[in-house]
Amino acid sequence: MLSNERIPNNVNLSDDKRLQRALEYWQPKYLDWWRDMGPHGFQDYHQVYLRTAISVDARGWAHFDYVKLPEYRWGIFLAEPEPHRQIGFGDFQGKPAWQEVPGEFRNQLRRLIVTQGDTEPASVEQQRELGTRCPSLYDLRNLFQVNVEEGRHLWAMVYLLHSYFGKDGREEAEALLQRTSGNTDKPRILEAFNEPIENWLDFFMFTMFTDRDGKSQLMSLSQSALDPLSRTTRFMLTEEAHHMFVGESGIARILQRTCELLRTSTSLSEDVRNLGGIDLSMIQRHLNFWFSRSLDLHGGEVSTNAAAYFANGLKGRAKEESFQDHVLLNEIYPMTVVDGGRLVSRDVPMRNAMNEVLRDWYVGDCQAGVDRWNALLERHGISDRLVLPDRKFNRLIGMFSGLHFDPSGRKVSDEEWARRSHEWLPGPGDKAYLLSIMAKPVFERGRFANYIAPPAKGINQKPIDFEYVRTEA
Ligand code: BYC
């Protein structure tokens, strides 16, 4: 562990002067990007109680201190190597894992790494205005923790590009700082990362559902035959868990507050908005939006790209080790497909269905989170429930994207969609209301905005009214 270097790392960076120089050349560009596109208004005067990774062992990992955001020590950390690791799936199953990129898979691997890398700065850009609307210092600190870790995940991908892809890799690393979320000329690669996140309901839904796609994609990349990619993503997964905690517990706290407000209201049918809360139907609409956008992030249902990634050992399944067959040459996946505008059943070769296999895992993981939210509603004596919409609903990617479906999966006409989609998806009225209740940030210690309950406990055993973010005089 070499945490006192200019770029903290556990990859012996100082032994590879060429790589070290290349990354030190990229570092100021990254910092310029962070200042321009990172948290707006929180670059100079605020000190944030953050956890910094200074090594991959448990003690180094849990290093907490006050830091000014641009002074956060973004580092390069890979999980410890597994001795004699073998490729776990695909056509090269059982062969030694690769320590270098094989020429024939260079383009595919670069594409995967660039796509993964592109999402990380994108999310920081999407969230840059949220600090000025924060519901508490506790939440503000969590937002910044998520942001700096997404920045570190960008570093992780840039390390791979610089180390293993030569000049092309260096050019791709530059381009990662040039595309920006929502930019009409140079947008981010994947659609969900061009959607604005201007309020905290969107933020919590994003960290619940879109970061969970991060989890499923990182789980599948952590199986990769390319050992440095596997080790990098394994360490990233430990950080991803906190992001999903922020999302799931954030929504749970909004739900709790909504239930409390409903109890104090004159009748259960009173609109909780009259009391400054967020009603369940608005929460459901945001869930519908972010879940469907995140389903898109798993790619098309039938994909030759996905088949090639699996065959070549680049991208496996989540928990690949839990399956019996790791080659999947003769397996089929029964799937509902669109044929001439009609839905029909078809057997698809399993390798071509890999995106859908990962999506199945993802939907199960999301459902478990929604069940936990519903248990909270139940405990508060509220009979309404949140539901995941059908996976055909509101899709922009894949075979269902050309048609319209309601949240239950029923096919609807273009006319019905135009007339009713506002019932199912957030509209301008929702956005305006959310901005109105978030217009003033809450910066007093221990205080929380009216629409959200305090958390059950603080960070790192600190009290809930701890000064998680300090303004330096
Ligand atoms: N938006 O064969 P297809 C995270 C394109 S999130 C726009 O169906 P494939 C995080 C696709 O590129 C995890 N375009 O799909 C979370 C292809 O384009 P070309 C990010 C899309 O290639 C929160 C065409 O459609 N990691 O970490 O099998 C905060 C047909 O593609 C989309 C990864 O994504 C879309 N949604 O799968 C921070 C892992 N989907 O070839 C971070 C790396 C597909 O026609 N990426 N297309 O130009 C991959 O594994 C794959 O690229 C995908 C797509 C799963 C995304």
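Quick notes on the rules
Residues numbered from 1 in each chain as written. Predicted model: local features only at pLDDT ≥ 70, side-chain atom pairs only at ≥ 80, totals over all residues. Heavy atoms only, no water. Helix = DSSP H or I, 4+ residues; strand = E, 2+ residues; numbered from the N terminus. Rg over C-alpha atoms; globule rule 2.2 N^0.38 Å. Buried < 20%, exposed > 50% of the residue type's maximum accessible area, 1.4 Å probe, protein only. Contact = heavy atoms within 4.5 Å. Areas by Shrake-Rupley, 256 points an atom, 1.4 Å probe, with all protein chains shown as cover. Lys, Arg positive; Asp, Glu negative; His and termini not counted. Charge placed at Lys NZ, Arg CZ, Asp CG, Glu CD. Core = buried A, V, L, I, M, F, W, Y, C linked by side-chain atoms within 4.5 Å. Near = heavy atom within 4 Å. Polar contact = N/O pair within 3.5 Å; in protein donor to acceptor, adjacent residues only side chain to side chain. Nonpolar A, V, L, I, M, F, W, Y, C, P; charged D, E, K, R; others polar. Axes fitted to C-alpha atoms, helices over the stretch in contact; angles between N-to-C directions. Parallel < 35°, antiparallel > 145°, perpendicular 65-115°, else oblique. Left-handed = near helix turned anticlockwise from the far one by under 90°.

Q: Got a minute to help me understand the overall build of the chain in this structure?
A: Scanning the chain from terminus to terminus reveals twelve helices and seven strands. Relative to its length of 473 residues, the chain is compact, with a C-alpha radius of gyration of 23 Å against a globular reference of 23 Å. Along the first, second and third principal axes, the C-alpha set of the chain runs to 70 × 65 × 40 Å. A total of 473 residues make up the chain; the buried ones form 59% of that total. The contacts of the chain with a sequence gap of at least 6 include a subset with a gap of at least 24, amounting to 72%. Summing over all exposed atoms, the chain offers an accessible surface of approximately 19,700 Å²; the carbon and sulfur share of this is 49%. Here the chain contributes 58 positive and 66 negative side-chain charges, whose respective centroids are spaced 1 Å apart.

Q: So what exactly am I meant to see when it comes to the nonpolar core here?
A: Inside soluble globular proteins, nonpolar side chains tend to come together where they are buried. Membership of the largest hydrophobic core comes to 122 residues, with the highest contact counts inside it found for F209 and W373. If you tally residues by element for this core, the top one is helix α4 (residues 137-164), at 16 residues. Sequence-distant contacts of F209, defined by excluding residues within four places in its chain, comprise L287, W290, F291, S294, Y362, C366, V370, W373 and L388. Within the second largest apolar cluster, 13 residues are counted, among which are L328, Y333, A353 and M354.

Q: What should I look at first to understand the site of the ligand in this one?
A: Taken together, the neighbourhood of the ligand is formed by 29 residues, with R111, Q116, G300, S303 and K315 sitting nearest. S303 places a polar side-chain atom, nitrogen or oxygen, 2.7 Å from an oxygen atom of the ligand. Side-chain polar atom of K315 to an oxygen atom of the ligand: 2.6 Å apart, as the coordinates give it. Isolated, the ligand exposes 1,000 Å² of accessible area, and the fraction of that covered by the protein chains is 81%. Looking at the shell around the ligand, the elements with two or more residues in it are α3 (106-126), α6 (200-221) and α9 (304-311). At seven residues, α3 tops the list of elements feeding residues into the shell around the ligand. When grouped by side-chain class, the residues that make up the shell around the ligand number eight nonpolar, 13 polar and eight charged.

Q: Quick question: what am I supposed to make of the packing of helix α8 (residues 280-296) against helix α12 (residues 428-437) here?
A: A pair of packed helices is captured by two measures, namely the crossing angle of their axes and the spacing between those axes. Two numbers describe how α8 lies on α12: the axes approach to 11 Å, and their chain directions differ by 115 degrees. In terms of axis orientation, α8 runs roughly perpendicular to α12. Note that α8 runs across α12; the crossing there is left-handed. Contacts between α8 and α12 involve M282, R285 and H286 on the former and, on the latter, D430, K431, Y433 and L434. Classifying every residue of the contact of α8 with α12 by side-chain character gives three nonpolar, one polar and three charged.

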